[in-house]
Amino acid sequence: MSTAATELPAHLDERDAAGIIAWAAGEFADRLVFTASFEDPVLVHLVAEHAPRTPIVLLDTQYLFAETLWFAQKLQATLGFDLQVVRPLAEVRPDDQWMTDVESCCHRRKVEPLQRALSGKAAWITGIRRVDGPTRADAPVVAFDAARDIVKINPLAAWSDGDLASYIIEHELPVNPLTERGYPSIGCWPCTRPVAPGEDKRAGRWSGQAKTECGLHVGEKS
Ligand code: SF4
């Protein structure tokens, strides 16, 4: 992959998420994929509108909140996108590993399934935003993920929480029920708690542990 393909075209502003997604769809066509956390509806709506042939992948770890699974199905039924649920390998069964070894648990339930989801793809859309927290403060809109040999596109990198809220209101979109219960960042139920006012948005993820990222975003500082 050439480095030129990792540069945002000059006519696009980094806040123009619709333009960025439409550009990616034109540039990468059926080699584009989007992995969604279904934490909120914004990027799912944008991709469904501006890159409608792009598969939207849900990594089902076996430990997602019931609310997240419901929300993904609700959005799919409303927006009609190509929802692809990617699960861990058959030998990975529900167990207690999240209690003792979160790195291995995330690898078997997130990282390995992601590798399969990205196989054969040239570009990968994610929902990373700089305001998610210190570990994502420098996230680029477009970058080459050398670890995965893929162009990584973060159309909402420059968006604020207010931008997100305005978009949801403007387009009358539903939200994940957990959002209104104090979960600004939503992962697996064993490793996610609600946060208190003033806490970092991702403070509820692996709370009390050194871990801050699940391992999906390792090719850049994100
Ligand atoms: S977030 Fe927790 S439960 Fe989910 S895969 Fe990682 S360690 Fe396992």
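What you are looking at is a predicted structure, and each value in this text was computed from that prediction instead of being measured.

1. With respect to the overall build of the protein
Stage number 1. Helices and strands together make up the secondary structure of the protein, namely six helices and six strands.
Stage number 2. Ordered by position from N to C terminus, the α and β elements of the protein give α-β-α-β-α-β-α-α-β-β-β-α.
Stage number 3. With respect to the principal axes defined by its C-alpha atoms, the protein has extents near 50 × 35 × 35 Å.
Stage number 4. Here the protein holds 222 residues, and the buried ones make up 51% of them.

2. A word on the pairing of strand β3 (residues 83–86)
Stage number 1. The sheet contact formed by strand β2 (residues 56–59) and β3 spans four bridges and is parallel. Paired with Leu58 across the bridge in β3 is Val85.
Stage number 2. Between β2 and its parallel partner β3, the chain crosses via helix α3 (residues 66–79), and the hand of that crossover is right-handed.

3. Description of the environment of Asp95
Stage number 1. Turning to its location among the elements, Asp95 is positioned in the loop between β3 and α4 (97–100).
Stage number 2. Through-space distance from the C-alpha of Asp95 to that of Gln62 is 9.7 Å; in sequence the pair is 33 residues apart.
Stage number 3. Aside from chain neighbours lying at most four places away, what touches Asp95 is Tyr63, Arg108 and Arg109.
Stage number 4. One polar contact links Asp95 to Arg108, side chain to side chain, over a distance of 3.2 Å.

4. Considering empty space enclosed by the protein
Stage number 1. If you walk through the whole model with that rule in mind, you get two cavities of 30 Å³ or more.
Stage number 2. Of the voids in this model, the largest cavity is the one considered here, and its volume is about 640 Å³.
Stage number 3. Of all elements in the fold, only β1 (32–35), α2 (42–50) and β2 reach the threshold of two or more residues within the lining of the largest cavity.
Stage number 4. In terms of residue count, the dominant contributor to the lining of the largest cavity is β2 (three residues).
Stage number 5. Partitioning the lining of the largest cavity into residue classes produces 17 nonpolar, nine polar and nine charged.
Stage number 6. Taken as a whole, the second largest cavity holds about 110 Å³ of empty space.
Stage number 7. Residue lining of the second largest cavity: 15 residues in total, with Cys105, Cys106, Lys110, Cys188 and Cys191 positioned closest to the centre.
Stage number 8. Examining the composition of the lining of the second largest cavity, we find that five residues originate from one element, helix α5 (residues 102–118), more than from any other.

5. Quick word on the nonpolar core
Stage number 1. In terms of nonpolar packing, the biggest core is built from 40 residues, with Phe28, Phe38, Leu46 and Ile153 touching the most fellow members.
Stage number 2. Listing elements by their share of this core, those giving two or more residues are α1 (17–28), β1, α2, β2, α3, β4 (123–125), β6 (150–153) and α6 (161–170).

6. Re the pattern of salt bridges
Stage number 1. Across all of its chains, the model carries 13 salt bridges by this definition.
Stage number 2. With a closest N to O distance of 3.0 Å, Arg130 and Glu14 form a salt bridge. You can see Arg130 sitting in the loop between β4 and β5 (142–145) and its partner Glu14 sitting in the segment before α1, a full 116 residues away along the chain.
Stage number 3. What makes Glu14 partly exposed here is its relative accessible area of 31%.

7. A short note on the sheet that holds β5
Backbone hydrogen bonds hold the strands of a sheet together, and the pairing may be parallel or antiparallel.
Stage number 1. Spatial ordering of the open sheet is given by β3-β2-β1-β4-β6-β5, a layout of six strands whose pairing is mixed. Edge positions in the open sheet fall to β3 and β5, since each of these has one partner strand only. Averaged over all pairs of adjacent strands, the angle between strand axes in this sheet comes to 30°, irrespective of strand direction.
Stage number 2. Where β5 and β6 come together, four bridges link them in antiparallel fashion. Within the sheet, the bridge partner assigned to Ala143 lies in β6 and is Lys152.
Stage number 3. The sheet strands contacting α1 are β1, β4, β5 and β6, and the helix crosses β6 at an angle near 160°.
Stage number 4. In the packing of α5 onto the sheet, the strands contacted are β1, β2, β3, β4 and β6, and the crossing angle to β2 comes to about 160°.

Cut-off values and rules
- Residues numbered from 1 in each chain as written.
- Predicted model: local features only at pLDDT ≥ 70, side-chain atom pairs only at ≥ 80, totals over all residues.
- Heavy atoms only, no water.
- Helix = DSSP H or I, 4+ residues; strand = E, 2+ residues; numbered from the N terminus.
- Buried < 20%, exposed > 50% of the residue type's maximum accessible area, 1.4 Å probe, protein only.
- Pairing = 2+ DSSP bridges.
- Right-handed = clockwise from strand over helix to strand, strands pointing away.
- Contact = heavy atoms within 4.5 Å.
- Polar contact = N/O pair within 3.5 Å; in protein donor to acceptor, adjacent residues only side chain to side chain.
- 1 Å grid on protein atoms, 1.4 Å probe; cavity = no way out; pocket = protein on both sides within 12 Å on 5 of 7 lines; lining within 4 Å.
- Points joined across faces, edges and corners; volume = space filled by probe spheres on them.
- Nonpolar A, V, L, I, M, F, W, Y, C, P; charged D, E, K, R; others polar.
- Core = buried A, V, L, I, M, F, W, Y, C linked by side-chain atoms within 4.5 Å.
- Salt bridge = Lys/Arg side-chain N within 4 Å of Asp/Glu carboxyl O.
- Axes fitted to C-alpha atoms, helices over the stretch in contact; angles between N-to-C directions.

Purely spatial values, then, with no claim about function.
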